[in-house]
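So you can see what is in the structure, the chains are spelled out below.
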Amino acid sequence: MKRKNKKSSAEKNKIIFILLRYLIALSLMFSLPIIYKIFTPLTIISASKILRLFYNIKVAGDLIIYNSYTIQIIAACVAGSAYLLLLILNLTTQIKLKKRLYSILFTFVLFFIINIFRIVILSALVFNDSPLFVITHKLFWYLLSTIFVVVIWFLTVKIFKIKGIPVYDDLKYLYLLRKS
C-alpha cells in the first residue's frame, strides 16, 4: 500500500511539473515585447561594435549609419520569435532543471552570435553597395533563419544529451498514465 502512495505521489508531482512547464511556455507566447526589450539593444550594441572595427559608423537609436547608408534594426532583425521558439522547444521537453537552464543559455547565446554575424554581413553588403544584398537578405530571411533554429536545437540536443522529444514525450506519459 505504501508503495502505491509513493508512486502516485511521484506521478502527481510529475504531472504538476508538466503542467507548470506548459503554463510557463504558454505565458511566454505573450512575452515577445520583453524579448525585444532585452535583445534589441544588445543586438544593436553588439553589431555596431563589430561594424566599428571596419567602418566609421554612427548609432542613433535603432539606426546604424555609415556615410549615406542607414540600416534600421527592426524587430525582424532581432528575431525575437526565434528565441521564443527555442525557449518553447526547451520547456516542452523533459529535461532536468539544471540541464534546462544551461541549454537555454546555450541556445540563446549561440543564436545571438549567429544573428549578430548575420546583421554584420548584411550591413557590410549594404555599406559596400553590393548587388548581392537583396538575394542574401532574402536567403537569410526565408531559408537560413529557419535552418539556424533547427540546427541550434539539434546541436543542443546532442551537446546536452537530451533524449526527450518536445511535447510528444509529455503526451505519451500522460496517455500511458491514463491507461494504467
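Data block above holds the structure.
A brief report on the enclosed structure follows. Every value quoted in this text rests on a predicted model; they were computed, and no experiment measured them.

### Quick look at the packing of helix H4 (residues 80-91) against helix H5 (residues 97-127)
1) Next: At their nearest, the axes of H4 and H5 sit 10 Å apart, and the two run at 160° to each other. By the criterion of interaxial angle, the relationship of H4 to H5 is roughly antiparallel. Every pair of crossing elements has a handedness; the one defined by H4 and H5 is right-handed. Counting all contacts with H4, which are made through Ala82, Tyr83, Leu86, Leu87, Asn90 and Leu91, the residues of H5 involved are Arg100, Ser103, Ile104, Thr107, Phe108, Phe111 and Phe112.
2) Next: Counted by class, the contact of H4 with H5 contains nine nonpolar, three polar and one charged residues.

### A word on a nonpolar patch on the surface
1) Next: On the surface, a nonpolar cluster with roughly 570 Å² of combined accessible area is contributed by Tyr102, Leu105, Val109, Ile113, Phe117 and Ile121.
2) Next: Its place among the elements puts Ile121 in helix H5.

### Concerning the nonpolar core
1) Next: Within the largest apolar cluster, 35 residues are counted, with the highest numbers of intra-cluster contacts made by Ile73, Phe111 and Phe127.
2) Next: Looking at this core, the elements that each hand over two or more residues are helix H1 (2-28), helix H2 (32-52), strand E2 (63-66), helix H3 (75-78), H4, H5 and helix H6 (133-159).
3) Next: Looking at which element gives the most residues to this core, the answer is H5, with nine residues.
4) Next: Residues in contact with Phe111, not counting those within four places in the same chain, are Val78, Ala79, Ala82, Tyr83, Leu86, Val149 and Ile152.

Scoring rules and cut-offs
Residues numbered from 1 in each chain as written. Predicted model: local features only at pLDDT ≥ 70, side-chain atom pairs only at ≥ 80, totals over all residues. Heavy atoms only, no water. Axes fitted to C-alpha atoms, helices over the stretch in contact; angles between N-to-C directions. Helix = DSSP H or I, 4+ residues; strand = E, 2+ residues; numbered from the N terminus. Parallel < 35°, antiparallel > 145°, perpendicular 65-115°, else oblique. Left-handed = near helix turned anticlockwise from the far one by under 90°. Contact = heavy atoms within 4.5 Å. Nonpolar A, V, L, I, M, F, W, Y, C, P; charged D, E, K, R; others polar. Patch = residues over 30% accessible without salt bridge, like charges linked within 9 Å, V, L, I, M, F, W, Y side chains within 5 Å. Areas by Shrake-Rupley, 256 points an atom, 1.4 Å probe, with all protein chains shown as cover. Salt bridge = Lys/Arg side-chain N within 4 Å of Asp/Glu carboxyl O. Core = buried A, V, L, I, M, F, W, Y, C linked by side-chain atoms within 4.5 Å. Buried < 20%, exposed > 50% of the residue type's maximum accessible area, 1.4 Å probe, protein only.

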